[in-house]
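Structural features, examined
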Amino acid sequence: MSAHEASVEVSSLSHAYGATQALRAVSFKLTAGEICGYVGPNGAGKSTTLKILSGLIRPASGTVRVCGFDVARDPVEVKARIGYVPESGAVYSTLTVLEFLSLVGELHGIPEGESRERLDHWLGLFGLVEASHAMLGSLSKGMRQRAVLVSALLHDPQVLLFDEPLTGLDVQAARVVKATLAGMARAGKVVLFSSHVLEVVERICGRIIMLDLGRIVLDEQACALRRRAGEAGLESLFQSLIGPS
Amino acid sequence: MTCLTRRPGPGSGAAWIQPGAFRSLVRAYLLMDLRKQHAAQAAAAGPGSWVTPLYWVVAHSLAASAILSVALFGRVNARLFALAGISASMLLMAVSLVVEFREAILDLDDALAIGSRPVLPSTHAAARCANAAAYTLLLTTALNLFPAIVGSGLRDGGWRFLVSYAAASLAANLAITALALILMSLLTRVAGSRAAGVLAWAQTIVVMAGFYGAQMVFRDPTQGLAWWAYNLPGWVWWLPPAWFAAFVGRTCGGPGWTEAAAACGGVLALGAIWAAAIRTLSRSLPRLSEAGSSAPGRSGLLGSGLLWRRHWASAMFRSRETAAGFRLAWLMLRRDPDMIGRSLPALGSAAAGLALGLFSGHAADPFTEPGAPSIMSFVSLHLVVLAVPSALHSLSFSRDHEAAWVLRSAPIREPARVAAGLEWAVHFGLIAPTLAVLFVVLAWSWNDCLHAGVHCGTGFALALAAGSLSSGLLRGRPPFSRPSAYGSLGGPILLHQAVLAAALAAAGFLQALAYRSGAGTALLCLAACALAAALLGGHG
């Protein structure tokens, strides 16, 4: 694996919020072209993993390497290579869509001309052209989420870290996201897709990692899982793994 | 939401305030406020983070009232002492309510959290009023502790002063809180999302008036104040603080039936005004939820990206981080109503200083009339410079603080460069326009563009230096990443501002000295240019 090839390597990752242990020695590897579903019940540690991968919080112990760069040692190199969609989908409500995305482009050092071309492409794809001069605070949650998704894709990242990316999206936009992720994987990117919606994860992810109480309880290829689950379906299988709680 | 817009039906008419919901809401509001204090303390990166923001506001209030008490002690009688103390207390209370506690009363998130619950608007409004009343009690104690104790030491004071002043100041502050609630509610109902901007301007005017009144106490070495105080114009006694002061004055002389009746009437009036406040707020709550969701749909020309298109900002700054920080802060300073509300009042005192100088004849040309006649020319300039730290500090906070993930997850090599961009936004967006206005007024007043230009140009160099000294206020966390807790906007930077004010006093002395000769002025201009070039070059 070359130093800059799209990859994610998590090794013995642990993190705690005060007395609450959020992650307990989590380890996994994702290679180029993989779309990995990251599932688990509420409080399992999914968002914490994604926040650590994107350099938003520092892990208590363990190592995380993105595209060969250590998140703790080279956070800027890592951030330049990831596209992150947070669970909150929060945006600056007093900026317009265009200003918000232009800010993101500037922070990622995309030259202005190139930024405009990319914006035209993504705004068109996500149906944001009409709303591009509207303030984010005046838009619906779904439209704001589209802007957040574009902000994660604008700089052509090698690793996509999506935390509940389909929240608030209509069917059309959700289809665009799924198609985009598939295209990204074909282009050799890594996608870590965290979601509660098992149907979506099952449909678009080639591999599924399941987390419960900060531990990985399952890490398998989706097709193998489907075979194992049989007629009962993945939901029943997952339920059996995490128990009645 | 439906509940907020629904009027109580015939069945619910009797329960104007639902006791259970009221208790739960008040408990939740107070609990959240206290936790926000600790969160703000834990999140603060600057000096003074070992105390919670609210302590700073209390300390600020204690200090202001102590200074006023000492300044007036022995110079005026009990009634005038009470008048000054209660007036200052009401003024500072009104300012605190608008600056720090506005969100406690008109919290836009309320509409989402409570709008769909079976809570009557009147119950919700009463809980918010109780929340505000809790802070009124705290601040009343801080603002009146010293005046009550010091005033009881006056010749015509005594223990009766202590008791009557405590009661009168509490009533006065509760009354001003209720009035502020009514005005803010009405403003929200009328102006909707523009209410914050209108409040910012109103606050600027209040700060101007307060500054004008406060400086008179200190600029009175000849007992003129005492003379004026004993011969107050008749209209002064028609003002509300004078009613409370008259009550204190009369009670000190031995309370009688008249005072007892006045006290009873006062309590009844206070009850009525609070009932009116609850009623007005409950009627404004539906509009509040609309105000929260009715951000202007399109960007206006003033805040438009047209003014600072990306390539202009990029051309101005070598670093993309600085350019991005500049553009973000520039847009926020123009569009975010909370941001406008925090940055404008700091400049209000500068406007007050200038107005005061012009009206009192103390804003003369310091190049031709050095000394006392030109003292306010320096003061107004330095008050503009003093606005720099408070504006920079305010850029740490935002209602959209959760959106800070954008900056946190961006590949920023040197966060200090983003902070530098914010500094420039403050210098070019707030300070430079204010200095330009100051220049125009002074040039007109002095009839000398060159002198006004040198004076304001030196001020800009000082503002750049103040920005550089205050850049620590932005370090440690990305901008707009902190939710505001009560007291966090003004309190924690008081020490910083005090040190800066002392440094500016020294700079003012040097400025005045340099203005006396052509060579000195030339040297000053050179020094200011060198300082500005070094700071501009360092950040740009």
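The preceding data block contains the structure.
The structure reproduced in this document is the subject of the present report.

Each value, and the rule that gives it
- Residues numbered from 1 in each chain as written.
- Chains lettered and ligands numbered in written order.
- Predicted model: local features only at pLDDT ≥ 70, side-chain atom pairs only at ≥ 80, totals over all residues.
- Heavy atoms only, no water.
- Pairing = 2+ DSSP bridges.
- Helix = DSSP H or I, 4+ residues; strand = E, 2+ residues; numbered from the N terminus.
- Contact = heavy atoms within 4.5 Å.
- Axes fitted to C-alpha atoms, helices over the stretch in contact; angles between N-to-C directions.
- Salt bridge = Lys/Arg side-chain N within 4 Å of Asp/Glu carboxyl O.
- Buried < 20%, exposed > 50% of the residue type's maximum accessible area, 1.4 Å probe, protein only.
- Phe/Tyr/Trp six-rings, centres within 6.5 Å; stacked < 30°, edge-to-face > 60°.
- Lys NZ or Arg CZ within 6 Å of the ring centre and 35° of its normal.
- Buried area = accessible area lost by both parts, 1.4 Å probe.
- Polar contact = N/O pair within 3.5 Å; in protein donor to acceptor, adjacent residues only side chain to side chain.
- Nonpolar A, V, L, I, M, F, W, Y, C, P; charged D, E, K, R; others polar.
- Disulfide = S-S within 2.5 Å.
- Patch = residues over 30% accessible without salt bridge, like charges linked within 9 Å, V, L, I, M, F, W, Y side chains within 5 Å.
- Areas by Shrake-Rupley, 256 points an atom, 1.4 Å probe, with all protein chains shown as cover.
- Core = buried A, V, L, I, M, F, W, Y, C linked by side-chain atoms within 4.5 Å.
- Parallel < 35°, antiparallel > 145°, perpendicular 65-115°, else oblique.
- Left-handed = near helix turned anticlockwise from the far one by under 90°.
- Expected span 1.5 Å × (residues − 1).
- Bend = angle between axes of the 7 residues up to and from the residue.
- Arc of directions from axis to C-beta.

Turning next to the sheet that holds strand 5 (residues 69–70) of chain A. Residues and elements named next belong to chain A. The sheet built from four strands is open, its strands ordered 2-1-4-5 with antiparallel pairing. Each end of this open sheet is capped by a strand with a single partner; those strands are strand 2 (20–30) and strand 5. Here strand 1 (residues 8–17) runs beside strand 2; their pairing, made up of seven bridges, is antiparallel. Note that in strand 2 the partner of Glu9 across the bridge is Lys29. In this fold helix 1 (residues 46–53) packs onto strand 1, strand 2 and strand 4 (61–66), with an angle of close to 115° to the strand it touches most, strand 1.

This brings us to the pattern of salt bridges. Counted under the stated rule, the structure contains 17 salt bridges over all chains. Taking the shortest distance from any N to any O, the salt bridge between Glu106 of chain A and Arg327 of chain B comes out at 3.2 Å. Here Glu106 of chain A, found in helix 3 (residues 97–107), pairs with Arg327 of chain B, found in helix 14 (residues 320–335), and the two come from separate chains. When its relative accessible area of 1% is taken as the criterion, Glu106 of chain A is described as buried. A relative accessible area of 7% places Arg327 of chain B in the buried class. Each of Arg320, Glu321, Glu414 and Arg417 of chain B takes part in a single network of salt bridges with overlapping partners.

Residues and elements named next belong to chain A. Pairing is mixed in the open sheet, where six strands are placed in the order 6-7-8-3-9-10. Of all the strands in the sheet, the pair left with one neighbour each is strand 6 (82–85) and strand 10 (215–221). Neighbour to neighbour, the strand axes of the sheet diverge by 15° on average, direction disregarded. As defined by bridge partners, strand 9 (residues 207–212) adjoins strand 10 across six bridges and the pair is classed as antiparallel. Following the sheet pairing, Asp212 is matched in strand 10 by Arg215. Running over the sheet, helix 5 (residues 141–153) touches strand 6 and strand 7 (159–163) and is turned about 165° from strand 6.

Moving on, we get to the packing of aromatic side chains. Going through the model one piece at a time under the given rule, you end up with eleven aromatic pairs over all chains. Ring centres of Trp122 of chain A and Phe126 of chain A lie 6.2 Å apart, and the angle between their planes is 40°; this geometry places the pair in the tilted category. Assigned by exposure class, Trp122 of chain A and Phe126 of chain A land together as buried. An aromatic cluster of at least three residues, connected via ring pairs, comprises Phe81, Phe161 and Tyr165 of chain B. Taking NZ or CZ as reference, Arg128 of chain B lies 3.6 Å from the ring centre of Tyr29 of chain B, over its face.

The next subject is the interface of chain B and chain A. Contacts between the two partners involve 35 residues from chain B, matched on the other side by 38 residues from chain A. Across the chain B/chain A interface, buried area totals approximately 3300 Å², and carbon plus sulfur atoms make up 59% of it. Linking chain B with chain A are three salt bridges, by the criterion used here. Scanning the region where chain B abuts chain A turns up nine residue pairs in polar contact (both at pLDDT 80 or more). Here the side of chain B that touches chain A gets eight residues from one element, more than from any other, and that element is helix 14 of chain B. Residues belonging to the side of chain B that touches chain A are distributed by class as follows: 17 nonpolar, eight polar and ten charged.

With that settled, consider the environment of Leu192 of chain A. Residues and elements named next belong to chain A. Take Leu192: it is sitting in strand 8 (residues 190–194). Considering only alpha carbons, one finds Leu192 and Gly37, 155 residues apart in sequence, at a separation of 6.1 Å. In this structure, Leu192 is in contact with Phe28, Leu30, Cys36, Tyr38, Leu50, Leu53, Leu160, Leu161 and Phe162, ignoring residues within four places of it in sequence.

This part is about the state of the cysteines. As used in these notes, a disulfide is a covalent bond between sulfur atoms, one from each of two cysteines. All names here are of chain B. Per the stated rule, a full pass over the model turns up zero disulfides over all chains. Free of any disulfide, Cys264 has its nearest cysteine sulfur in Cys252, 19 Å distant. Unpaired in this structure, Cys529 has its nearest cysteine sulfur neighbour in Cys525, at a distance of 6.4 Å. The class for Cys529 is exposed, based on a relative accessible area of 52%.

Before going further, it helps to examine a nonpolar patch on the surface. All names here are of chain B. Taken together, Leu145, Ile149, Trp159, Leu162 and Val163 make up a surface patch of nonpolar side chains, about 510 Å² in accessible area. Those elements giving two or more residues to the nonpolar patch turn out to be helix 7 (121–151) and helix 8 (159–191). For the nonpolar patch, the leading source of residues is helix 8, giving three residues. Looking at the element boundaries, Trp159 is found in helix 8. Overall, Trp159 belongs to the exposed group, its relative accessible area being 61%.

Residue and element names in this part refer to chain A. Within the secondary structure, Lys189 is located in the loop between helix 6 (171–186) and strand 8. Classification of Lys189 by relative accessible area gives buried; the value is 11%. Within the structure, the side chain of Lys189 is placed 3.0 Å from the side chain of Asp156, a separation counted as a polar contact. Within the local environment of Lys189, its side chain forms a polar contact with the backbone oxygen of Pro157, the two atoms lying 3.5 Å apart. With sequence-adjacent residues up to four places away left out, Lys189 is seen in contact with Ala6, Ala32, Gly33, Glu34, Asp156, Pro157, Gln158 and Met184.

Attention now goes to the nonpolar core. Counting 143 residues, the largest nonpolar core has Tyr92, Phe100 and Phe193 of chain A together with Ile431 of chain B as its most contacted members. Here Phe100 of chain A is in contact with Val91, Tyr92, Leu95, Leu136, Ala147 and Ser151 of chain A together with Trp405 and Val406 of chain B, once residues within four sequence places are set aside. Ranked by size, the runner-up nonpolar core spans 48 residues in total, among them Met90, Cys129, Leu143 and Leu181 of chain B.

Let us now look at unusual backbone geometry. Residues and elements named next belong to chain B. Backbone geometry at Asn447 places phi at a positive 60°, although glycine is not the residue there. Relative to the helices and strands, Asn447 resides in the loop between helix 18 (415–446) and helix 19 (449–470). Its identity is not glycine, yet Phe480 carries a phi of approximately 55°, on the positive side. Here Phe480 is to be found in the loop between helix 19 and helix 20 (494–515). On the accessibility criterion, Phe480 (0% relative accessible area) is buried.

Moving on to the packing of helix 16 (residues 375–394) of chain B against helix 19 of chain B. All names here are of chain B. Where helix 16 meets helix 19, the closest approach of the two axes is 9 Å, and the angle between their N-to-C directions is 30°. Judged on the interaxial angle alone, helix 19 and helix 16 are roughly parallel. The chirality of how helix 16 crosses helix 19 is right-handed. Residue-level inspection shows Ser377, Phe378, Leu381, His382, Val385, Val388, Pro389 and Leu392 of helix 16 in contact with helix 19, the latter providing His455, Cys456, Gly459, Leu462, Ala463, Ala466, Gly467 and Ser470. Its residues placed into classes, the contact of helix 16 with helix 19 shows ten nonpolar, six polar and no charged.

Residue and element names in this part refer to chain B. Checked against the element boundaries, Glu259 lands in helix 12 (residues 257–293). Its relative accessible area of 9% is what places Glu259 among the buried residues. Of the polar contacts made by the side chain of Glu259, one reaches the side chain of Arg250; its length is 2.9 Å.

A word on helix 7 of chain B. Over its 31 residues, helix 7 of chain B runs 42 Å from end to end, which matches the ideal 45 Å to within 8%, given 1.5 Å per residue. Taken as a whole, helix 7 of chain B carries its principal kink of about 45° at Asn144 of chain B; the proline Pro147 of chain B stands between one and four residues after it.

Residues and elements named next belong to chain B. In this fold, Ser445 is placed in helix 18. Taking the C-alpha atoms as reference points, Ser445 and Ser69, separated by 376 residues in sequence, lie 36 Å from one another. The residues contacting Ser445, other than those within four sequence positions of it, are Leu358 and Ala363.

This part takes up helix 6 of chain A. All names here are of chain A. The end-to-end C-alpha separation of helix 6 is 23 Å, in line with the 22 Å expected for 16 residues at 1.5 Å each. Every buried residue belonging to helix 6 is among Ala173, Ala174, Val176, Val177, Thr180, Leu181, Met184 and Ala185, and all of these are buried. Along the long axis of helix 6, the arc covered by the buried residues comes to 165°, so they all point the same way. Those residues of helix 6 that are exposed and angled more than 90 degrees off the buried face are Val171, Gln172, Arg175 and Arg186. Buried residues along helix 6 sit in contact with strand 3 (35–39), helix 4 (112–125), helix 5, strand 7, strand 8 and helix 7 (198–204). Positive backbone phi, approximately 90°, marks Gly188, located one or two places after helix 6.

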